[in-house]
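# Coordinates in review
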Amino acid sequence: MKTFKVESSKNIEGSDVAALLKQAICDHYEGMPVMRGLAFEEDSEKRFWGETSSGVYCARILNRAPDYSVLESLKEELLKFKNIFPEGLECFVFFPAGEKQGSVPELFEESSISMFGGFKSVRFLGFHFLRALDDKRYVAIEEFFCVEKKPEPIENPLPDFALSFGSPDPYGEHAAEFLPGPATLTRQEIEEFFEIGLEIKKIRG
Amino acid sequence: MSSDERRLKRGLKDVSNLFVEESGLDGKFFDANESFLKCVGVYRPMSPSPGLISTKIASLLTRCGISSAILSIGRKLEAGVKGMFEGPCLEIPWNDFEQLKRKALSMKIESCVRRQVLFLDFEEHSAEHLRSVVPLLDRWIFSVPPTVDAIIEAYRMIKGTRRLVQSSMQYYLVFEGDIRGREADEVLFEKFSAVLSEKMGINLVWLGHIAAGSGRGHFDEAFDLSHFFLRDAGAYELPDKLALFDHVKAETSKTMSFFDENV
């Protein structure tokens, strides 16, 4: 669970909540650069959009905890975007996790996983308000449900020995222990040979 | 052809027909008063038999008038090497090789013109051998199959011995085996060359293909040994290298007059 301090002195409503939840998304991406100016743009349906180097995301704030019919309509809505973003869309669905919180976990069972299984990622995040002993107000966010498609691993064209054998790097931190002979590769060198391997594989078919 | 023109030749372009039928070098690479005294190593990380490439290149050099010999340091010569090379093939025990260094300190350096190439066969898996032999090398030929695994192995050795080599050392690449696809081989060489240049400031020189998989092997017709005669900027003759050449000369003079003083 993540907790965000509320800076505003007003009641926590509307755009204040949206701003906090956007902050939660930024934290999720751990400062990844936001690209192409799509960041946090809202559309007429009150979805807000952003893009990072890992792809496009879409967020929705529900005004009540979801039930099965809400999940169905969300699925329909997300399917519409699937064609627009063939590379995949990451979805955040926020809902107030107050008094009805008890029934929410039961909703996210196997059937829900299969319902959202075709998307790049779908997260359902409950939020609720707290008042701490110091009388400051906070919003707590908890992830209730997440379906995430793992990217297909790229076949490693490099041999295993490139990573596991050899003398210490003669130019690196082990320079003092230098023994002549085949040296280990740095991470950057491995990546460069990996790229070469992919290119050669492509040419040779 | 000037030396500058030769230096510009890189990549896999067929820039020379010197080795059509493996006999075309005319030997006009030097001025009359220019010496060429080189120690050459051959590294074949993916093959248990390093001798083949040495014997083939030594034979080519001999045909173009450069006296060549093969010297195995601290180990027995590979079986069959003597049968494949008509020139001197010698062995020197490790302790005798080490003794040569001491001898070199008191050696009188003669100023005669000599053109000789010595192929050094040594134990590349021994740190001690690498430490003693690699500083003597002027040319190091990496002979590998055209695969990423193989160039990684070549890269690892280059990186792991970079501190030992002379600044004038020249690295060469030979692809072994059948030519499967020129385009892929070209890309592989160019990319490998670029990595070496970027990471270590090394200008890798392409020699050509050799079909070494079976029998005695033969060179691709574009095999271009003219690069081998590039002038080494800032090169100087190490006393222990000269001592090594003197040792070979003394040994060979007992049986044959192969190492002429003046060519």
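Here, the structure is the one placed above.
Notes on the structure in this doc start here. All figures in this text were calculated on a predicted structure; none of them were measured in a lab.

## Focus on the overall build of chain A
- From N to C terminus, chain A includes 6 helices and 7 strands.
- Helices and strands in chain A line up, N terminus first, as β-α-β-β-β-α-β-α-α-β-β-α-α.
- Here chain A holds 205 residues, and the buried ones make up 41% of them.
- For chain A, the exposed area adds up to about 12000 Å²; of that, 52% sits on carbon and sulfur atoms.

## Focus on the pairing of strand E4 (residues 55-61) of chain A
Residues and elements named next belong to chain A.
- Buried residues dominate E4, accounting for 6 of its 7 residues.
- Examined bridge by bridge, strand E3 (residues 48-52) and E4 share 5 bridges and lie antiparallel to one another. Following the sheet pairing, Thr-52 is matched in E4 by Gly-55.
- Bridging between E4 and strand E5 (residues 89-96) involves 6 bridges; their strand directions are parallel. Each bridged residue has a counterpart across the sheet, and for Val-56 the counterpart in E5 is Leu-89.

## Examining helix H7 (residues 182-200) of chain B
- Here H7 of chain B spans 26 Å end to end across 19 residues, near enough to the 27 Å set by a 1.5 Å rise per residue.
- Turning to H7 of chain B, its buried residues number three or more, namely Ala-184, Asp-185, Val-187, Leu-188, Phe-189, Phe-192, Ser-193, Val-195, Leu-196 and Met-200 of chain B.
- Of the surrounding secondary structure, the elements contacted by the buried residues of H7 of chain B are helix H6 (187-204) of chain A together with helix H6 (148-161), strand E6 (170-176) and strand E7 (205-211) of chain B.
- At the exit of H7 of chain B stands Gly-201 of chain B, carrying a positive phi of roughly 65 degrees.

## A short note on the packing of aromatic side chains
- Per the stated rule, a full pass over the model turns up 15 aromatic pairs over all chains.
- Summarising the aromatic geometry, the rings of Phe-193 of chain A and Tyr-155 of chain B are spaced 5.1 Å apart at their centres and angled 70 degrees between planes, so their arrangement reads as edge-to-face. Here Tyr-155 of chain B lies in helix H6 and Phe-193 of chain A lies in helix H6, a pairing that spans two chains.
- Residue classification places Phe-193 of chain A among the buried positions, given a relative accessible area of 0%.
- On the basis of relative accessibility, which here comes to 0%, the residue Tyr-155 of chain B falls in the buried class.
- Pairwise contacts between aromatic rings join Phe-116, Phe-119, Phe-124 and Phe-145 of chain A into one cluster.

How each quantity is defined
- Residues numbered from 1 in each chain as written.
- Chains lettered and ligands numbered in written order.
- Predicted model: local features only at pLDDT ≥ 70, side-chain atom pairs only at ≥ 80, totals over all residues.
- Heavy atoms only, no water.
- Helix = DSSP H or I, 4+ residues; strand = E, 2+ residues; numbered from the N terminus.
- Buried < 20%, exposed > 50% of the residue type's maximum accessible area, 1.4 Å probe, protein only.
- Areas by Shrake-Rupley, 256 points an atom, 1.4 Å probe, with all protein chains shown as cover.
- Pairing = 2+ DSSP bridges.
- Expected span 1.5 Å × (residues − 1).
- Contact = heavy atoms within 4.5 Å.
- Phe/Tyr/Trp six-rings, centres within 6.5 Å; stacked < 30°, edge-to-face > 60°.

The values are spatial; any link to function lies outside them.
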